[in-house]
Amino acid sequence: MIVKKNTIAQLINVSKRYDETSRGTIALKNISFAANPGEMILLLGPSGSGKTTFLTLLAGMQRPTSGEVILFEKHLTEYSRNELQELRAKRIGFIFQTFLLLESLTVLQNVMMVMRFAGTEKDKCRMTAMTYLKQLGIQDLSDSLPSKISQGEKQRVAIARALVNGAELIIADEPTGNLASRQGMEIVELLKQRCIDENRCVIIASHDERIISLASKVLYLNDGEMLKPDRE
Amino acid sequence: MYALSIIIEQRLRYLLTSIGISFCILLMFLLLAIYKGVSYGSVEYVRSGKADLWILQEHATNILRSTSLLPSTYQEGLMKINGVRSVSPVLFILASIKLRETNASLYLTGIEPDSGIGGPPEIIRGRNILSDNEIVLDMAFAAKYKIRIGDKVPVRNDSLIVTGICTGTNMFVIQYAFISLKKAQDIIGFRYVISAYQVIAMPGADLDALRTEICSEFKNIIVYDRMTFLKNNMQEMESGIIPILFIVILISAIVLTAILSLILSVSILEKHRDFAVMKALGAPNGFIQGLVFKLSAILSASGLFFGLIFYFPVVSIVGKIAPEVATKTSPMQIVVISSCVMLISALSSILPNLNVSKIYPLEVFK
């Protein structure tokens with residue numbers, strides 16, 4: 001197997017079958033793919049096409065039934081449980097469709113918490129988190145609870161949370177799904193800007209075909225199979 | 001910060017939980033205080049006595065739950081032994097008396113009024129007995145039956161005048177009362193019988209030698225030094241009360257653990273999604289386990305706080321409703337219970353932590 005240099009994530013002939021019997025559901029079939037720094041990759045496909053499975057494999061949250069997953073130039077099987085936890089804390093950022101902010105914590109605390117997971121010192125956490133909130137234009141909401149802010153603002157908090165640890169890989173699952181169309185596009189543009197400026201890799205799983213114009217690579221998934229890339 | 005935020009978010013529920021926990025802690029405090037109170041009341045008589053040696057009938061080990069009968073004629077012979085300064089006989093009788101249409105029990109202790117030795121540990125009101133028609137009562141007994149100094153208490157066919165109220169004499173199930181030895185002997189109908197002799201030695205006397213000499217001079221007796229006799233009485237008291245209190249304290253601790261485990265498990269169930277998110281975002285295992293422990297510790301600490309706030313008024317109310325329920329509180333008891341509660345808090349977080357370990361980060365994508 002060839003491990004490409006400077007590649008953030010690589011899937012080589014990956015298949016994933018749930019209920020690993022011959023009759024089990026096949027979520028992904030023989031997928032090969034590579035994600036590089038500075039790329040914004042759009043993963044398109046209908047519901048049940050295997051997009052979420054694709055993302056969870058990239059996040060190291062589950063292992064493939066066959067094939068190889070390489071994250072940051074190391075095989076997924078070589079990572080221990082603690083190393084995977086550390087990887088998710090320091091090098092992978094997540095943006096979820098329903099934002100999944102912790103409702104008991106303020107906006108600032110939500111962002112600071114992931115920094116604590118990465119082992120950042122408490123004093124530095126506050127300063128850095130505030131810087132990110134400011135960059136995303138939501139510094140005034142730092143003491144607000146998630147229940148008191150709009151959907152668009154929540155998504156910005158989620159983006160700040162994903163970026164704050166300097167993650168090289170940002171995984172976004174339907175990031176525009178719960179937003180008005182204009183808001184959704186603004187969010188994707190914001191992500192693209194961060195991806196170019198900071199040489200990060202953003203992988204977006206979405207139904208939203210308007211994002212195609214912003215993506216540097218578009219992948220189509222259908223019934224677990226990857227159709228020929230539209231643009232590469 | 002997250003543990004505190006969860007609690008602040010649902011403050012009413014956690015306030016009610018803390019109050020529930022505080023009742024368990026209150027029960028533990030109260031039982032320990034009762035144990036201490038009974039312990040004090042049961043053995044203070046021996047502990048505070050001036051006797052260097054106690055002489056009892058052979059095989060008797062204590063004055064709480066063993067019978068000792070000796071002839072009162074030994075007193076003269078004992079006085080003749082070298083190194084003996086004084087010999088005071090004492091007679092213990094379990095007596096039932098009729099007070100305000102109810103039967104009351106007293107641990108009547110007959111002493112020689114002249115010497116006063118073997119009398120109450122501490123008289124808080126009035127004075128000790130001086131004659132055969134007087135009696136000194138325990139404070140709790142007097143409070144329970146609303147008896148004051150100068151009142152008359154019927155004992156058999158006599159009425160004894162209350163001259164003093166004492167403390168350190170409440171054994172919870174029964175209280176000491178002090179009368180003259182002659183009156184005590186009249187009550188049982190045997191003029192020359194006593195229960196024990198309290199011997200005070202000359203200053204500098206060798207107590208071991210004195211004990212050996214007494215044993216060789218008199219038949220069918222046993223002689224204890226003060227510490228051994230105190231220890232015997234303590235053991236007797238503890239063997240009766242500790243198993244009962246221990247079981248009740250154990251039940252309280254189990255209830256407390258169950259409440260804490262239950263409320264933490266409910267919290268985890270409600271915050272299931274948050275825990276999955278934290279795991280997905282790379283929360284170290286120790287962080288989440290620490291979070292559950294912090295929740296448990298905060299609830300226990302607030303329960304402890306409320307328990308302490310409620311404790312003193314409750315003790316005061318208990319003292320008014322049931323004066324015979326002797327309680328005694330010391331800072332050490334608070335330290336002991338607080339340590340136990342914190343230990344319970346750690347134990348209570350084990351089961352919820354097992355539940356947390358079953359939450360998978362993958363769940364956030366569902």
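Residues numbered from 1 in each chain as written. Chains lettered and ligands numbered in written order. Predicted model: local features only at pLDDT ≥ 70, side-chain atom pairs only at ≥ 80, totals over all residues. Heavy atoms only, no water.

What follows is about the overall build of chain A. Of the regular secondary structure elements, chain A holds six helices and 10 strands. Here chain A has a C-alpha radius of gyration of 17 Å; the compact-globule value for 232 residues is 17 Å, and the two agree. Each principal axis of the C-alpha atoms in chain A carries an extent, and together these give about 50 × 40 × 35 Å. Once local pairs closer than 6 in sequence are excluded, the contacts in chain A between residues at least 24 apart make up 71%. (Helix = DSSP H or I, 4+ residues; strand = E, 2+ residues; numbered from the N terminus. Rg over C-alpha atoms; globule rule 2.2 N^0.38 Å. Contact = heavy atoms within 4.5 Å.)

A count of helices and strands for chain B gives 11 helices and 12 strands. In terms of overall size, chain B is more extended than a compact globule, its C-alpha atoms giving a radius of gyration of 28 Å where 366 residues would be expected to give roughly 21 Å. Referenced to the eigenvectors of the C-alpha coordinate spread, the extents of chain B come out at roughly 95 × 50 × 30 Å. Expressed as a percentage of its 366 residues, the buried residues of chain B come to 50%. For chain B, long-range pairs separated by at least 24 residues make up 80% of all intrachain contacts whose partners lie at least 6 apart in sequence. For chain B, the exposed area adds up to about 17,300 Å²; of that, 63% sits on carbon and sulfur atoms. (Buried < 20%, exposed > 50% of the residue type's maximum accessible area, 1.4 Å probe, protein only. Areas by Shrake-Rupley, 256 points an atom, 1.4 Å probe, with all protein chains shown as cover.)

A word on the packing of aromatic side chains. Residues and elements named next belong to chain B. Under the defined criterion, the tally for this structure stands at 19 aromatic pairs over all chains. Between Tyr107 and Tyr176, the aromatic rings sit 5.2 Å apart at their centres with planes inclined by 80 degrees, giving edge-to-face as the arrangement. With Tyr107 in strand β4 (residues 102-111) and Tyr176 in strand β9 (residues 175-180), this residue pair connects regions lying 69 residues apart in the sequence. The class of Tyr176 is buried, set by a relative accessible area of 0%. (Phe/Tyr/Trp six-rings, centres within 6.5 Å; stacked < 30°, edge-to-face > 60°.)

This part is about the interface of chain A and chain B. Between chain A and chain B, the contact holds 21 residues from the first and 21 residues from the second. For the pairing of chain A and chain B, the buried interface totals around 2,100 Å² over both sides, and the portion due to carbon and sulfur atoms is 73%. Summed over the three residues of chain A that lose the most area to chain B, namely A:Leu100, A:Ser104 and A:Phe117, the buried surface amounts to 28% of that side. At the junction of chain A and chain B, the tally comes to zero salt bridges. Inspection of the region where chain A meets chain B yields six residue pairs in polar contact (both at pLDDT 80 or more). Of all the elements in the fold, those that place two or more residues in the side of chain A that touches chain B are α1 (51-58), α2 (81-90) and α3 (107-117) of chain A. Top contributing element to the side of chain A that touches chain B by residue count: α3(A), with four residues. (Buried area = accessible area lost by both parts, 1.4 Å probe. Salt bridge = Lys/Arg side-chain N within 4 Å of Asp/Glu carboxyl O. Polar contact = N/O pair within 3.5 Å; in protein donor to acceptor, adjacent residues only side chain to side chain.)

Glancing now at the layout of surface pockets. Roughly 580 Å³ of volume is contained in the largest pocket. Forming the walls of the largest pocket are 24 residues, and the residues nearest its centre are A:Arg81, A:Arg88, B:Lys279, B:Tyr360 and B:Pro361. Among the secondary structure elements, those contributing two or more residues to the lining of the largest pocket are α2 of chain A together with α9 (285-321) and α11 (350-357) of chain B. Split into classes, the residues belonging to the lining of the largest pocket amount to 11 nonpolar, nine polar and four charged. Every residue lining the second largest pocket is counted, 24 residues in all, and those nearest its centre are A:Thr52, A:Gln97, A:Asp173, B:Phe365 and B:Lys366. Mapped onto the lining of the second largest pocket, the elements with two or more residues apiece are β2 (26-35) and α1 of chain A together with α8 (272-280) of chain B. Looking at side-chain class alone, the lining of the second largest pocket contains eight nonpolar, 10 polar and six charged residues. (1 Å grid on protein atoms, 1.4 Å probe; cavity = no way out; pocket = protein on both sides within 12 Å on 5 of 7 lines; lining within 4 Å. Points joined across faces, edges and corners; volume = space filled by probe spheres on them. Nonpolar A, V, L, I, M, F, W, Y, C, P; charged D, E, K, R; others polar.)

In terms of nonpolar packing, the biggest core is built from 157 residues, with A:Phe33, A:Phe54, B:Trp54 and B:Met278 touching the most fellow members. With 17 residues, the top contributor of residues to this core is helix α2 (residues 11-48) of chain B. Taken domain by domain, this core gets at least three of its residues from each of domain 1 (2-42 + 241-365) and domain 2 (59-219) of chain B. Each residue touching A:Phe54, except ones within four places of it in the same chain, is listed here: A:Leu11, A:Leu28, A:Ile31, A:Phe33, A:Leu43, A:Leu219, A:Leu221 and A:Met226. One finds B:Leu70, B:Leu78, B:Ala95 and B:Ala201 within the second-largest nonpolar core, a separate group that totals 41 residues. (Core = buried A, V, L, I, M, F, W, Y, C linked by side-chain atoms within 4.5 Å. Domains from an automatic or database assignment.)

Every α-helix carries 3.6 residues per turn, so stepping three or four residues along brings you back to the same face. For helix α5 (residues 181-188) of chain B, the set of buried residues is B:Leu181, B:Lys183, B:Ala184, B:Gln185 and B:Ile187. The positive-phi residue at the C-terminal boundary of α5(B) is B:Gly189, with phi of around 85 degrees.

One pass over the structure, following the stated rule, counts two cavities of 30 Å³ or more. Reported here for the largest cavity is a volume of approximately 70 Å³. Taken together, A:Arg88, A:Ala89, A:Ile92, A:Gly93, A:Phe94, A:Val114, A:Arg161, A:Ala162, A:Asn165, A:Ala167 and B:Leu281 make up the full set of residues lining the largest cavity. Residue assignment for the lining of the largest cavity shows that the elements contributing at least two residues are α2, β6 (92-95) and α5 (151-163) of chain A. Top element by residues in the lining of the largest cavity is β6(A). It accounts for three residues.

Our next topic: unusual backbone geometry. The backbone of A:Glu73 shows a phi angle near 65 degrees, a positive value even though the residue is not glycine. For A:Glu73, a relative accessible area of 40% puts it in the partly exposed group. Non-glycine residue B:Phe172 carries a positive phi angle of around 75 degrees. Tracing the backbone through its elements, the reader meets B:Phe172 in the loop between β8 (158-167) and β9. Accessibility expressed as a relative area gives 30% for B:Phe172, which makes it partly exposed.

Hydrogen bonds between backbone groups are what pair the strands of a sheet, and the pairing can be parallel or antiparallel. Residues and elements named next belong to chain A. Spatial strand order, β2-β1-β4-β5: four strands in an open sheet with antiparallel pairing. Only two strands of the sheet have a single partner each, and these edge strands are β2 and β5 (74-75). The pairing of strand β1 (residues 9-17) with β2 spans six bridges and is antiparallel. When the sheet's bridge partners are listed, Val14 is paired in β2 with Ile31. (Pairing = 2+ DSSP bridges.)

The terminal C-alpha atoms of α9(B), which comprises 37 residues, lie 52 Å apart, in line with the 54 Å expected from a rise of 1.5 Å per residue. Along α9(B), the sharpest kink reaches roughly 35 degrees, centred on B:Tyr311 and followed within four residues by the proline B:Pro313. (Expected span 1.5 Å × (residues − 1). Bend = angle between axes of the 7 residues up to and from the residue.)

Another point: the side chain of A:Gln62. Among the structural elements, A:Gln62 can be located in the loop between α1 and β4 (66-71). A polar side-chain atom of A:Gln62 sits 2.8 Å from a polar atom in the side chain of A:Tyr18. At a separation of 2.7 Å, a polar atom in the side chain of A:Gln62 contacts the side chain of A:Thr56. Not counting residues up to four positions away in its chain, the partners in contact with A:Gln62 are A:Lys16, A:Tyr18, A:Thr53, A:Thr56, A:Leu57, A:Leu76 and B:Leu362.

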